[in-house]
Structure formats: structure tokens, C-alpha cells
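Read off the chains here:
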Amino acid sequence: MYFFEPKRCQECNKIMYASAAQAQREVKETYWKRGVTLFVYQCKWCGKWHLTKHDPHEYRRRNEMLFGKKGKGKKKSRAGRI
Ligand SMILES: [Zn+2]
């Protein structure tokens with residue numbers, strides 16, 4: 001069987017999907033095959049679509065924790081607003 005060779009993003013090395021719909025289809029297939037839920041997001045570097053295992057909201061929150069949002073850190077006890 002012939003499989004097309006997926007293109008990968010030079011920045012994050014993930015497989016690039018030309019459209020969100022294409023990526024979404026892969027999400028479904030992966031779920032059927034492996035029972036793994038993936039999320040689609042648009043890459044800020046290549047502008048294409050990638051899949052991630054992380055919930056984008058979680059992912060973003062983690063990024064904020066990692067890279068920090070200096071200035072108004074102290075009063076934010078609950079993550080009420082995003
Ligand atoms: Zn990318």
C-alpha cells in the first residue's frame with residue numbers, strides 16, 4: 001500500500017494539514033483507531049493545521065504558566081477569566 005508522506009512543520013515538527021476539515025477528519029480516525037482524543041489548532045508559524053493531545057485551553061494555560069504573564073500575577077487566584 002502506498003502512503004503519502006506527510007509534510008512536517010519546520011518549527012514544531014508536527015504533521016501539517018492543509019485545512020481544518022482535513023485535520024478534523026484525522027481526529028476522528030485517530031479516535032476510532034486508538035481511542036485517543038486529539039485537538040486541532042492552527043500553527044502560528046506555518047499557518048497550517050496541527051493536531052495535539054492537549055486541550056488547547058489547558059495548553060494555553062500551561063504556556064502562560066511557563067512563560068509567565070508578568071504584571072498582574074498576584075490577584076489571579078481563580079482562573080475565572082481567560
Ligand atoms: Zn507548524
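Residues numbered from 1 in each chain as written. Predicted model: local features only at pLDDT ≥ 70, side-chain atom pairs only at ≥ 80, totals over all residues.

Asks: When you look at the overall build of the chain in this model, what are you seeing that I'm missing?
Replies: Along the backbone of the chain there are 2 helices and 2 strands. Taken from N to C terminus, the helices and strands of the chain fall in the order α-β-β-α. Here the chain, with 82 residues, has 5% of them falling under the buried criterion. The contacts in the chain between residues at least 6 apart in sequence include a share of 41% that link residues at least 24 apart. (Helix = DSSP H or I, 4+ residues; strand = E, 2+ residues; numbered from the N terminus. Buried ≥ 20, exposed ≤ 12 C-beta atoms within 10 Å, placed from the backbone. Contact = placed C-beta atoms within 7 Å.)

Asks: Would you explain the environment of Leu 38 in this entry?
Replies: Relative to the helices and strands, Leu 38 resides in the loop between α1 (20-34) and β1 (39-42). Each C-alpha atom, one on Leu 38 and one on Lys 28, is 8.5 Å from the other, the two residues being 10 residues apart in sequence.

Asks: I tried to follow the pairing of β1 on my own but got confused; where do I start?
Replies: On any regular strand, side chains alternate: one points to one face of the sheet, the next to the other face. Where β1 meets strand β2 (residues 49-52), 4 bridges bridge the pair, whose relative direction is antiparallel. Paired with Val 40 across the bridge in β2 is Leu 51. Between β1 and β2, which pair antiparallel in sequence order, lie 6 residues; one of them, Gly 47, sits at a positive phi of approximately 80°. (Pairing = 2+ DSSP bridges.)

Asks: Sorry if this is basic, but what is going on with the confidence of the model for the chain here?
Replies: Segments scoring low in pLDDT should not have their predicted coordinates read at a detailed level. In this model, the chain carries a mean pLDDT of 83, and residues with pLDDT of at least 70 account for 76%. Averaged pLDDT values over the elements of the chain bottom out at 73 in helix α2 (residues 56-67) and peak at 96 in α1. (pLDDT = per-residue confidence, 0-100.)

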